Amino acid sequence: MIYLDNAATTQVDNQVKEAMLPYLNDIFANPSSKFYKSAINANDAVKNARQNVSELLGCDDEEIIFTSGASESNNFIIKGVSDYYRDQGNHIITSQGEHKSVLESCKFLEKNGFEITYLPIKENGHIDIEDLKESIKNNTILVSLIWANNELGALNNIKKISKITNENDIFLHVDATQYVGKKEINLKNSEIDFLSFSAHKIYGPKGIGAAYISKDDIGIRQNITPLIHGGEQEFGLRGSTLATHNIVGFGKAAEITNKNINSYYNHLEELENYFKENIKIKIPEIMFNGNQKNKIPGIINMTIPGIHNQLFIKSVKDELAISTGSACSIGKPSHVLSSLGLDKNQIRSTLRISFGKYNKKNDISIFLKKIFNYITNFNTKFQ
Ligand code: PMP
C-alpha cells in the first residue's frame, strides 16, 4: 500500500512506538499519584514530553495543555473563551475554510446567542486581510482562523492577522494542525493567544493533541472555561487521568520533528515539485486548487476534468491511499472546495494527495501510472 494521505494522519514513527511501550507495561502508574516511584517516573515522563512539545512551538511548558486532539482543542478554546468573555461581546470571526471542529463549535455558539462572521476564502483558499479588518466590530471577542488549510495547504497570513487582532484587543486562536511540523514556529515572539494541534499529524499517536494558551496576558490561564470539569490535571483546565503513553509518544514525535523540520520541509517541497512537473506533462488540463505560491508543501488538491474521484479511488483502493478531501467530512461535498467556487462537477473530479516523510519519488511514479492508466482505459467521462 502506497500511503498518500498524510494530511488525514501519519504513520507512527518507530522511535515513537518504542518510547511509548514502557508506559503501557511497567510504568503504568497514574502520573498524578505523586508519592511512589513509578508514579514519579510517569510524572517525569509527562514533564519531559511537555518540554519537547513546547520546544517545537517555541513557548513555555506551562502554556501547553494536553487534550485528545485538535478537534478537542478547537472546541475547548472557542467555547471556553466565548463563555468566559460573554459579557464583553458576543461576536466571533472565523472563515468558511475552517475544519469542521471549528465550524461546528461556532454553529453551536450561534444557537446560543453568539453572532458569527464566516469570512470567504475565495479562489486562493485563504482569507483577505481587508475582509477581516472590515468585519471587526465593538463586540468582537475572538478571531479563529486556520494556519494551513487541511484540504489545500493554503496559508493564512497569521503574522498580519495577529497584528490586527492585537491592535484591536481581540483574542486570536489559530488551528495549526497542518502547519505544526512543517515550518518553525516561535510563539514567544508572536501575538497568537491560542493554538490547536495534534500528535498524529507529526508521526505521533492518535488520541492526543494540545492547546497552547499564551500566558503573556495577565491571568489569561484562568480566563477560560474548562471543557472538561474534573480534577486538577492540566492546570485545572482539563480533568481526566493523563494518557501517559500517548503524551510520551507526542513528546517523542515533537522531539524528532523539531530536530528534522527543515529537512522534512525540503523533502516535501521536492516531492511536490516532482509530482506537479510530471502530472502536467500528461494531463495539461489539470487544475491545482488554492494558492500555489503561498502554501505548505506536501498537500496537493487537484481537479482533473472528466475523472470521477470516488470511482478512481475505489479502483486503486488496494494499492493506493488517497482521498477526495478531509477525512472528517466523509460523504459530503467539501465545504472548502465549494467556498473556492468549484461547481459540483469540478468537486467530483477533485483529489487530494498529501505526502509525508516516508514517501519517495517512486510512490509518485506509481500513482502517476495508475491515474494515467485509469484515464486511458476506464474513465467514462460524466456530464
Ligand atoms: N484541524 C485541522 C486543520 C485538521 O486537519 C484536523 C485533522 N483532520 C483537525 C483539526 C482535527 O484533528 P484531530 O483528528 O486531532 O481531532
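Here the structure is a predicted model, which is why all the values come from computation and not from measurement.

Structural notes on the overall build of the chain
So, point 1. Each helix and strand in the chain was counted, giving eleven helices and twelve strands.
So, point 2. Whereas a compact globule of 383 residues would reach a radius of gyration of roughly 21 Å, the chain reaches 21 Å, a difference of no more than 12%.
So, point 3. When its C-alpha atoms are laid out on the principal axes, the chain stretches across 65 × 55 × 35 Å.
So, point 4. With 383 residues in all, the chain has 58% of them scored as buried.
So, point 5. In the chain, the proportion of contacts linking residues at least 24 apart, taken out of those at least 6 apart, comes to 74%.
So, point 6. A total accessible area of about 17100 Å² is found for the chain, and carbon and sulfur atoms account for 49% of it.
So, point 7. Of the charged side chains in the chain, 43 are positive and 43 negative, and the gap between their average positions amounts to 7 Å.

Brief notes about the pairing of strand S5 (residues 140-146)
So, point 1. Among the seven residues in S5, seven count as buried, and that is most of the element.
So, point 2. Here three bridges tie strand S3 (residues 91-95) to S5, and the two strands are oriented parallel to one another. By the bridge assignment, isoleucine 93 is partnered in S5 with valine 143.
So, point 3. The sheet contact formed by S5 and strand S6 (residues 171-175) spans five bridges and is parallel.

Overview of the packing of helix H7 (residues 244-282) against helix H11 (residues 361-377)
So, point 1. Taken N-terminus to C-terminus, the directions of H7 and H11 make an angle of 25°; their axes are 10 Å apart at the nearest point. It follows from the interaxial angle that H7 and H11 lie roughly parallel. Read as a crossing pair, H7 and H11 show a hand that is right-handed. On the side of H7, the interface is formed by Glu270, Leu271, Tyr274, Phe275, Asn278, Ile279 and Lys282, while H11 contributes Lys361, Ile364, Ser365, Phe367, Leu368, Ile371 and Phe372.
So, point 2. Per-class residue counts for the contact of H7 with H11 are nine nonpolar, two polar and three charged.

Description of the sheet that holds strand S9 (residues 287-288)
So, point 1. Strand order in the open sheet formed by three strands is S9-S10-S12, with antiparallel pairing between adjacent strands. Two strands bound the open sheet, and with one partner strand each, they are S9 and strand S12 (350-354).
So, point 2. With two bridges connecting them, S9 and strand S10 (residues 299-303) associate as antiparallel partners. Looking at the pairing, phenylalanine 288 lines up with methionine 302 of S10.
So, point 3. Packed on one face of the sheet, H7 meets S9, S10 and S12 and runs near 15° to S10.

Overview of the domain arrangement of the chain
So, point 1. Each domain of the chain was delimited in the assignment, giving domain 1 (2-8 + 261-382) and domain 2 (14-255).
So, point 2. Taken over C-alpha atoms, the centre of domain 1 sits 28 Å from the centre of domain 2.
So, point 3. Of the residues lining the interface, 31 residues belong to domain 1; the matching set on domain 2 comes to 31 residues.
So, point 4. Carbon and sulfur atoms make up 56% of the area that domain 1 and domain 2 hide from each other, which totals about 2600 Å².
So, point 5. At the surface where domain 1 touches domain 2, the tally comes to zero salt bridges.
So, point 6. Inspection of the region where domain 1 meets domain 2 yields twelve residue pairs in polar contact (both at pLDDT 80 or more).

Structural notes on empty space enclosed by the protein
So, point 1. For the structure shown, the criterion picks out one cavity of 30 Å³ or more.
So, point 2. If you trace the largest cavity, you find 22 residues lining it, with Lys182, Lys201, Tyr203, Leu268 and Phe355 closest to the centre.
So, point 3. Sort the elements by how many residues they give to the lining of the largest cavity and H7 lands first, with four residues.
So, point 4. For the lining of the largest cavity, the per-class residue count stands at nine nonpolar, ten polar and three charged.
So, point 5. Residues lining the lining of the largest cavity come from more than one domain, with at least three contributed by each of domain 1 (2-8 + 261-382) and domain 2 (14-255).

Digging into the pairing of strand S2 (residues 64-67)
So, point 1. Taking every second residue as pointing to the same face, both faces of S2 are buried, with Ile64 and Phe66 on one and Ile65 and Thr67 on the other.
So, point 2. With four bridges joining them, S2 and strand S8 (residues 209-213) adopt antiparallel strand pairing. Pairing of isoleucine 65 across the sheet is with alanine 211, part of S8.

Rules used in this analysis
Position labels on residues start from 1 in each chain and follow its written sequence. Since the coordinates come from a predicted model, pLDDT governs what is reported: local features require at least 70, and pairs of side-chain atoms require 80 or more to be given and counted, while whole-chain, interface and lining totals use all residues. Hydrogens and waters are ignored; side-chain quantities use all the structure's heavy atoms. Strands are runs of DSSP state E lasting at least 2 residues, helices are runs of H or I lasting at least 4, and numbering of each runs from the N terminus. Radius of gyration here is computed from C-alpha atoms only, and the compact-globule reference equals 2.2 Å multiplied by the residue count raised to the power 0.38. To sort residues, take the accessible area from a 1.4 Å probe on protein chains only and compare it with the maximum for the residue type: under 20% means buried, over 50% means exposed, and anything in between is partly exposed. Only heavy atoms matter for contacts: two residues are in contact if any of them lie within 4.5 Å across the pair. Areas reported here follow the Shrake-Rupley algorithm with a probe of radius 1.4 Å; residue values treat only the protein chains shown as occluding. Two residue types count as positive, namely Lys and Arg, and two as negative, namely Asp and Glu; His and chain ends fall outside the count. The location of each charge is read from NZ of Lys, CZ of Arg, CG of Asp or CD of Glu. The pairing criterion is simple: DSSP has to find at least two bridges between the two strands. Between N-to-C directions, angles span 0 to 180 degrees; the directions come from axes that are lines fitted to C-alpha atoms, helices contributing only their stretch in contact. Just so you know how the angles are binned, under 35 degrees is roughly parallel, over 145 roughly antiparallel, 65 to 115 roughly perpendicular, and the rest oblique. The handedness criterion is simple: a crossing whose near helix is rotated anticlockwise from the far helix by less than a right angle is left-handed, and one whose near helix is rotated clockwise is right-handed. Residues are grouped as follows: Ala, Val, Leu, Ile, Met, Phe, Trp, Tyr, Cys and Pro are nonpolar; Asp, Glu, Lys and Arg are charged; every other residue, Gly included, is polar. Note that the domain bounds were set by an automatic or database domain assignment. The quantity reported as buried area is the accessible area (1.4 Å probe) lost by two parts once they are put together, taken as the sum for both. A pair is scored as a salt bridge if a Lys or Arg side-chain nitrogen falls within 4 Å of a carboxyl oxygen belonging to Asp or Glu. What qualifies as a polar contact is a pair of N or O atoms within 3.5 Å, subject to a donor-acceptor requirement within protein and to the restriction that residues adjacent in sequence count only when both atoms come from side chains. The method works on a 1 Å grid over the protein atoms by themselves. A cavity is a set of points holding a 1.4 Å probe that cannot get out, a pocket is an open set with protein on both sides within 12 Å along at least five of seven lines, and residues with an atom within 4 Å of a point line them. Grid points are joined across faces, edges and corners, and a volume is the space filled by probe spheres set on the points.

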